[in-house]
Amino acid sequence: MPNTAISVSDLSKKYDDRLAVSHINFEVPLGTVCGFVGPNGSGKTTTMRMLLGLITPTTGQGHILGEPIEHPEKYLSRVGAMIEGPAFYPALSGYENLMVLAKLGGFPLERVQQLLDKVGLGDRGKSKFKTYSLGMKQRLGIAAALLPEPKLLMLDEPTNGLDPEGIQEVRALLRDLANEGTTVFVSSHLLSELEIISDYIVMLRKGEIVFAGPIGELMAQQQPTIIAKSLNHSDLKRIVEIAELAGHHAVIRNDSVHVLAEMDWAPVLNKAAFDAGITLAQLAPQLPNLEETFFEMTGEK
Amino acid sequence: MFNVVKAELRKLRRPTLFFGTMGAALFFTGLITSFIYLMIDSPQGNGDRGRSIGREVLGLASGSVNGFASVGNFLGIIALCVFAAQTAQEYTYGTLRNLLIRQPGRMKILIGKLISMMLFAIAMIAIAAIVSIAISYILAPGAEVSTDLWFTSAGFEAIFTTFINVTISVVAFGIVGMVLGLLLRSPISAISFGVLWLLIVENLLIAVKNSLQNWLPGAQLSAIASGGAVDLTYKHALTVGGLYVAVGAIVASVLFVRRDVAN
C-alpha cells in the first residue's frame with residue numbers, strides 16, 4: 001500500500017507550442033487535504049485532467065493510489081472528481097443525473113438519495129438540473145464526486161457560486177472526509193478557505209511548481225511583517241527611512257508601513273519612532289497569510 | 001459495458017426525447033403509409049419520387065410492408081438526429097468527462113452508447129412497423145387492395161425480412177449520426193450536416209448524374225431499407241453502405257479513444 005495518494009514526476013503537457021504544464025514533481029500523502037493553488041491558466045485543471053486520464057501527458061509519470069496514470073481503469077473506481085465545474089444533463093433532474101452516474105459506475109443506487117441529502121439537495125432532487133442555481137449545481141457536482149465513496153477526492157473550485165454558509169458546509173465536509181481517511185485534492189481561488197482546511201499545498205505558476213509541501217513549512221518560510229501606523233500620514237516616509245536604516249525592507253501600503261522584520265524588532269521600531277518624534281497609532285506584528293504568500297511567490301498582483 | 005447501456009437507457013427514456021422521437025416516427029409512418037393507399041390512383045404516383053405502387057404490387061404477400069419499407073428512409077434520418085445529438089451533447093454539456101471518470105474504457109463507452117441507441121431505434125422501428133401495417137390493413141379495402149396474401153407464411157416472411165432490412169438501414173443511419181457527432185462535437189452541426197447532405201446534397205447530385213446513386217452513402221442506406229431499388233441491387237447497397245459505415249466508425253472510434261478530453 002503506497003503512502004501517497006498522488007505522486008507525479010516530470011509531468012508535462014504541451015499544446016502545440018505552448019507548455020501548459022512544465023515538468024512538475026509533487027506528492028500528496030494519503031489522508032491529507034491538499035490545496036492546489038495557482039493563478040488562472042497556471043495549469044491546475046490540465047494537471048487534474050492528466051491525473052484523471054482525460055488527457056495524455058506529453059512527458060513524465062504519475063501515480064494515483066499507487067497505480068500509474070496510464071491505466072486510469074485501475075484507480076478511478078476509488079476516485080471521485082469534479083473538474084471545471086459541475087457538468088450534467090440539463091433536461092434530467094439532479095436525482096436522475098446521479099442515477100446515470102451511479103449506474104455507469106456500478107455504485108449502489110441507494111447512495112444517490114443519501115448523497116443528495118448530504119449536500120443539501122434532498123428536497124430538490126426531482127427538479128431538473130437546468131433549474132438549479134450555481135450553488136445547487138456545485139453541490140450536485142460534489143455529490144457526484146462522492147458516489148464511489150472515494151479514497152481520493154479531486155475537486156476543482158468546489159466553492160464557486162456557494163454562499164458563505166455553503167462554503168462553510170463544504171469546508172466541514174472536506175475536513176470530515178479527511179478525518180475519515182479520504183485524501184482531498186482541492187483547487188480553489190478562495191485561499192483563505194484553503195489555508196483553514198489544508199495540510200498540504202501545491203502551488204503552480206505558469207505551469208511550474210512554486211511550492212509543494214506541508215502548509216506549515218510554507219508559512220514558516222515566510223518572513224513576518226510588522227505593520228506600523230502613525231497618527232500623521234506624513235510620518236510614514238520617515239518610518240520607512242528608520243526601517244531601511246536598520247536594514248529592513250519597508251513599503252507604504254494604504255495608510256500603514258509594512259516592514260519585513262522579525263517580531264522582536266517591533267519594540268526597537270517603536271522606540272526609534274518615539275525618538276524621532278513620531279507617535280505610532282498602531283504597531284502590530286503579522287505573519288503573512290496564504291493569500292499574501294501566494295501573491296509573493298507567484299509574483300501576481 | 002452493461003453498466004454503460006443501463007446508464008444510457010436512463011437518458012434515452014426521458015419523456016421529451018422518447019415521446020418526441022416516437023411521435024415523429026409515427027407521424028412519418030402514418031403520412032407515408034396513408035399516402036400509398038389514398039393516392040393509389042393519382043397520376044403523380046403514390047410512391048417515392050413519383051413512382052406508382054399499384055394494387056397488384058400491394059396485393060402481394062409483401063404488400064403489408066410496402067409502406068413500412070418506404071418510411072425506412074425517414075426513420076433513418078430520425079435515428080441519425082438522435083444518435084448525433086446523444087453523442088455530440090456529451091461534448092457541449094461537458095458531461096463526457098463525467099462518463100470517462102466513471103468508465104475510463106472509452107471503447108466501452110462508445111459501444112455501450114451504440115447498443116443503447118440501437119435498442120431505442122429498434123423500439124422505434126417496431127412501433128413504426130406495427131402502425132404502418134395496421135394503417136395499411138385499415139386502408140386496403142377502401143383502396144380495393146387485396147390483403148389475402150398478407151398474413152400467409154410468405155407474408156410473415158416478408159414482414160420479417162423488411163423489418164431486418166429497415167433495422168440495418170436505420171442503425172446504419174444512426175451510426176453515421178454518431179460518427180458525425182464524434183467528429184463535429186456539436187449536436188447542431190452534426191444534425192445539420194447529416195440532414196442537409198442526405199435530403200438535399202445527395203438528391204441534387206443524383207439529379208445531375210443518376211449513376212451517383214450507386215455510390216452515395218444515403219442512397220445505399222435507403223436502398224437497404226427497401227430491399228434494393230431500381231438500378232441499385234440490395235447486395236451492392238449493403239456492400240457500399242457497409243463500407244461507408246465501417247470506415248466512418250473506425251475513424252471516429254480511433255479519434256474518440258485517442259483524443260484528449262479538454263472541454
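The shown structure was predicted, so the numbers you read here are calculated from the model rather than taken from an experiment.

1. Considerations on the overall build of chain A
1) Next: For chain A, the count of helices and strands is 10 helices and 14 strands.
2) Next: Over its C-alpha atoms, taken along the principal directions, chain A stretches across nearly 75 × 45 × 35 Å.
3) Next: Considering chain A as a whole, with its 301 residues, one finds that 45% of them fall into the buried category.
4) Next: Pairs at least 24 residues apart make up 69% of the contacts formed inside chain A by residues separated by at least 6 positions.

2. A word on the overall build of chain B
1) Next: The helix and strand inventory of chain B stands at 10 helices and 0 strands.
2) Next: Radius of gyration (C-alpha) of chain B: 19 Å, near the 18 Å computed for a compact globule of 263 residues.
3) Next: The principal-axis extent of the C-alpha atoms belonging to chain B is close to 60 × 40 × 30 Å.
4) Next: Looking at chain B as a whole, 44% of its 263 residues qualify as buried.
5) Next: Summarising the internal contacts of chain B: among those between residues at least 6 apart in sequence, 76% fall at separations of at least 24.

3. Looking at the environment of A178(A)
Residue and element names in this part refer to chain A.
1) Next: Structurally, the position occupied by A178 is in helix α5 (residues 164–179).
2) Next: Residue classification places A178 among the partly exposed residues on the basis of 19 C-beta atoms within 10 Å.
3) Next: Each C-alpha atom of the pair A178 and L30 lies 9.2 Å from the other, and the pair is 148 residues apart in sequence.
4) Next: Beyond its immediate chain neighbours, meaning those up to four positions away, A178 contacts G31, T32, V33 and V184.

4. Points about the interface of chain B and chain A
1) Next: Taken together, the contact pairs 23 residues of chain B with 26 residues of chain A.
2) Next: Along the lines of polarity and charge, the residues of the side of chain B that touches chain A split into 9 nonpolar, 7 polar and 7 charged.

5. As for the domain arrangement of chain A
All names here are of chain A.
1) Next: One can read the domain layout of chain A as domain 1 (4–220) and domain 2 (222–298).
2) Next: Tallying the contact residues gives 13 residues for domain 1 and 9 residues for domain 2.
3) Next: At 4 residues, the largest contribution of residues to the side of domain 1 that touches domain 2 is made by helix α6 (residues 191–197).
4) Next: Here the residues of the side of domain 1 that touches domain 2 are counted per class, giving 9 nonpolar, 2 polar and 2 charged.

6. Quick notes on the pairing of strand β4 (residues 59–64) of chain A
For a regular strand, side-chain orientation follows a simple rule: the groups alternate between the two sheet faces.
All names here are of chain A.
1) Next: The sheet contact formed by strand β1 (residues 4–15) and β4 spans 5 bridges and is antiparallel. Bridge pairing links V8 to G62 in β4.
2) Next: The sheet contact formed by β4 and strand β5 (residues 67–68) spans 2 bridges and is antiparallel. Pairing of H63 across the sheet is with P68, part of β5.
3) Next: Counting the residues between successive antiparallel strands, the hairpin from β4 to β5 contains 2 residues, one of them, L65, with a positive phi of roughly 50 degrees.

7. Topic: the packing of helix α2 (residues 15–38) of chain B against helix α6 (residues 106–139) of chain B
All names here are of chain B.
1) Next: Remark: α2 packs on α6, axes separated minimally by 9 Å, with the N-to-C direction vectors making an angle of 30 degrees. Here α2 lies roughly parallel to α6, going by the angle between them. For α2 against α6, the interelement crossing comes out right-handed. Of the residues in α6, those in contact with T21, M22, A25, L26, T29, G30, T33, S34, Y37 and L38 of α2 are M124, I127, A128, V131, S132, I135, S136 and L139.
2) Next: For the contact of α2 with α6, the class distribution of residues is 11 nonpolar, 7 polar and no charged.

8. A closer look at the sheet that holds β1(A)
Strand pairing in a sheet takes place through backbone hydrogen bonds and is either antiparallel or parallel in direction.
1) Next: One open sheet accounts for 4 strands, arranged β2-β1-β4-β5 (chain A); its pairing is antiparallel. Unpaired on one side and paired on the other, β2 (18–29) and β5 of chain A mark the two borders of the sheet.

9. Digging into the nonpolar core
A general trend in soluble globular proteins is that nonpolar side chains are found buried together.
1) Next: In this structure, L98(A), A143(A), M154(A), F185(A) and V202(A) are the most contacted members of the largest nonpolar core, which totals 82 residues.
2) Next: Element by element, the count of residues in this core is highest for helix α4 (residues 134–146) of chain A, at 7 residues.
3) Next: Excluding residues within four positions of it along the chain, M154(A) makes contact with M48(A), L51(A), L52(A), V79(A), A81(A), I83(A) and F185(A).
4) Next: By size, the runner-up hydrophobic cluster in this structure holds 59 residues, among which are Y37(B), A84(B), A129(B) and A229(B).

10. Notes on the packing of helix α4 (residues 66–92) of chain B against helix α9 (residues 217–225) of chain B
Residues and elements named next belong to chain B.
1) Next: Axis separation between α4 and α9 bottoms out at 8 Å; the angle between their running directions is 140 degrees. Considered as vectors, α4 and α9 are oriented oblique to each other. The chirality of how α4 crosses α9 is right-handed. For the pair α4 and α9, contact is made by A69, G72, N73 and G76 and by L221, S222 and A225, respectively.
2) Next: Grouping the amino acids of the contact of α4 with α9 by side-chain chemistry returns 3 nonpolar, 4 polar and no charged.

11. Some thoughts on the sheet that holds strand β13 (residues 256–260) of chain A
Residues and elements named next belong to chain A.
1) Next: An order of β12-β13-β11-β14 is seen for the 4 strands of this open sheet, with the pairing classed as antiparallel. Pairing within the sheet leaves two strands with one partner each, and these edge strands are β12 (250–253) and β14 (280–286). In this sheet, adjacent strand axes meet at a mean angle of 20 degrees when their direction is disregarded.
2) Next: Two strands pair when backbone bridges link them, and β12 and β13 are joined in this way by 4 bridges, in the antiparallel orientation. Opposite I252, over in β13, you have V257 as the bridge partner.
3) Next: Its contacts with the sheet place helix α8 (residues 236–245) against β11 (225–230), β12 and β13, and it is angled at close to 160 degrees to β12.
4) Next: Its contacts with the sheet put helix α9 (residues 266–275) on β11, β13 and β14, and the angle it makes with β14 is roughly 160 degrees.

12. Some points on the confidence of the model for chain B
Residue and element names in this part refer to chain B.
1) Next: For chain B, mean pLDDT is 90; residues scoring 70 or higher make up 100% of the total.
2) Next: Within chain B, the lowest mean pLDDT, 83, falls on helix α3 (residues 55–58), and the highest, 94, falls on helix α7 (residues 153–184).
3) Next: For this predicted complex, the interface confidence reaches an ipTM of 0.83, while the overall pTM sits at 0.83.

13. Concerning helix α1 (residues 2–12) of chain B
1) Next: Among all positions in α1(B), only V4(B), V5(B), A7(B), E8(B), R10(B) and K11(B) are buried.
2) Next: For α1(B), the elements touching its buried residues are α2 (94–105) of chain A together with α6 of chain B.

14. Description of the environment of M263(A)
All names here are of chain A.
1) Next: Its location among the elements puts M263 in the loop between β13 and α9.
2) Next: Here M263 falls in the partly exposed class, since 13 other C-beta atoms lie within 10 Å of it.
3) Next: Between the C-alpha atom of M263 and that of T225, which follows or precedes it by 38 residues, the distance is 7.6 Å.
4) Next: Residues within four places of M263 in sequence aside, it is in contact with P224 and P285.

Conventions adopted
Residues numbered from 1 in each chain as written. Chains lettered and ligands numbered in written order. Predicted model: local features only at pLDDT ≥ 70, side-chain atom pairs only at ≥ 80, totals over all residues. Helix = DSSP H or I, 4+ residues; strand = E, 2+ residues; numbered from the N terminus. Buried ≥ 20, exposed ≤ 12 C-beta atoms within 10 Å, placed from the backbone. Contact = placed C-beta atoms within 7 Å. Rg over C-alpha atoms; globule rule 2.2 N^0.38 Å. Nonpolar A, V, L, I, M, F, W, Y, C, P; charged D, E, K, R; others polar. Domains from an automatic or database assignment. Pairing = 2+ DSSP bridges. Axes fitted to C-alpha atoms, helices over the stretch in contact; angles between N-to-C directions. Parallel < 35°, antiparallel > 145°, perpendicular 65-115°, else oblique. Left-handed = near helix turned anticlockwise from the far one by under 90°. Core = buried A, V, L, I, M, F, W, Y, C linked by C-beta atoms within 7 Å. pLDDT = per-residue confidence, 0-100.

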